[in-house]
Amino acid sequence: MTRNLVFAAAATALVAAACIEKPYGAAPTPQQIEWQRMEMNMFCHFGPNTFTGAEWGDGTEAEDLFNPSDLDCRQWARTAKAAGFKGIIITAKHHDGFCLWPNPVSKHTVRESSWLDGQGDVLKELSEACAEEGLKFGVYISPWDRNDPHYGTPEYNNVFVKTLDSVLGGAYGPVFEQWFDGANGEGPNGKKQEYDWPLFNETVIRHQPHAVIFSDVGPGCRWVGNEKGYAGRTNWSTLNAEGFTPGKGAPSGKSLNEGDSDGNAWIPAETDVSIRPGWFWKASENDKVKSLQQLLKIYYESVGRNSLLLLNVPPDTRGRIHETDSVRLMELRSALDRIFARDLAGQVKRKGNTWTVDANGPFNRLVLQEDIAMGQRIASFTVEALTADGWTPLARETTVGYKRILLLPECEASQIRISVTESLAKPLLCGIGLYHDEIYHE
Ligand code: FUL
């Protein structure tokens, strides 16, 4: 029997066990499961800031500033696909209010620019390119708007709903994720806005019932609490979001980063981080693109800690992904392919809450997966290796979730043992893998 068959048999037994089990506590919707399986998506910050070098435009930028010389969204999509991303999320409107599509309720859009004689539409180009490459298409639409004259009055919430209507209403096909930034600064008249979050969320769901809504409090997925690229070592996909709002009213940094073990809603973490120091492209940062080692660290500390990774790769003034960034992405892809090419885990035996796994060679990475359809359950576990001295401790950790990757010391043991020491309900591991990473050095 090959290892795969043994593992398949073990997996079938696990699934059978899962079938008679009911989900524990808050559990994901089918679209949240599908979303989590994407693992890595690409973020594209693009707009007037690309041309001014600003991170936050103030909304007074002339529309003509937006003038990509050679926009090629197919190049973004091909790059994303080759890098292993499953979707792209574009800043359709950032805080400066400039719309990358001809938004009927704004006068600050591509339509008012001389780019393609005002006939251009970045969302159209990108959504079509994504569809061609089999990638999902998502949008960041900032509620904070430093250009819209209604901002700071109740009327703005209706303008924002119409903005959502025009992006999500079908013109650009299915949207897998709506990204809501919690930032709430002043508008052109110096006033802040009282956002009507329930109305915004209802609008998204009305148009795109399958979209996962990102914000500091979900409801689809949550901000991880930092922009450095790491989720908590402990990371629950559950959160107590009641009484909290995006932005200033957000849950504590700890809850965002680690979730709440007793959380009554399934709101998994998404880790957003830029491949460059800034979110927007700047010529001065072409030599500051993160190294392969930095990207691998981010991968292990996001995807490897039960989070989705949303890596920002900002297109340049041509409207293309810069060569340095795309080369780095290809390095990341080939490194991940090499690291995870060969699963060294052999036969798996379960007894109670302990799994014993044969190792077919030296390893230094352990991948664990819980059957999240049944809720997140494991709260602590130990890993031991069978050596000449008997069972020797390798790690003591807390949560697993959809995917947990442990960075272990070099290990030549013939077997390892995973013991769940604390669990909210019967632990249901559905994946165990052992790998050897010769590329990433802590
Ligand atoms: C933040 C924004 O203020 C940044 O400009 C960027 O878009 C980041 C992803 O979210 O809140």
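Owing to the predicted nature of the structure, the values given are computational and were not obtained by experimental measurement.

Visitor: Tell me about helix α5 (residues 122-133), residues and numbers included.
Guide: An ideal rise of 1.5 Å per residue puts 16 Å on 12 residues; α5 measures up with 16 Å between its terminal C-alpha atoms. For α5, every residue scored as buried is listed here: V122, L123, L126, S127, A129 and C130. The buried side chains of α5 occupy one side of the element, clustering within an arc of 160 degrees when seen end-on. Residues of α5 that are exposed and angled more than 90 degrees away from the buried face: A131 and E132. Against the buried residues of α5 lie α4 (73-83), β2 (87-93), β3 (136-141) and α6 (154-168). Measuring from the side-chain oxygen of the N-cap residue of α5 to the backbone nitrogen of L123 gives 3.0 Å; that N-cap residue is D121. Just downstream of α5 lies G134, where phi reads positive at about 75 degrees.

Visitor: Pulling in residues and values, what's your account of unusual backbone geometry?
Guide: A cis amide bond, omega 20 degrees, links G218 with the succeeding residue P219. Mapped onto the elements of the fold, P219 is located in the loop between β5 (212-215) and β6 (221-223). Even without being glycine, E39 reaches a positive phi, approximately 65 degrees. Mapped onto the elements of the fold, E39 is located in the loop between α2 (30-38) and β1 (40-44). For E39, a relative accessible area of 15% puts it in the buried group.

Cut-offs and rules
- Residues numbered from 1 in each chain as written.
- Predicted model: local features only at pLDDT ≥ 70, side-chain atom pairs only at ≥ 80, totals over all residues.
- Heavy atoms only, no water.
- Helix = DSSP H or I, 4+ residues; strand = E, 2+ residues; numbered from the N terminus.
- Expected span 1.5 Å × (residues − 1).
- Buried < 20%, exposed > 50% of the residue type's maximum accessible area, 1.4 Å probe, protein only.
- Arc of directions from axis to C-beta.
- Contact = heavy atoms within 4.5 Å.
- Polar contact = N/O pair within 3.5 Å; in protein donor to acceptor, adjacent residues only side chain to side chain.

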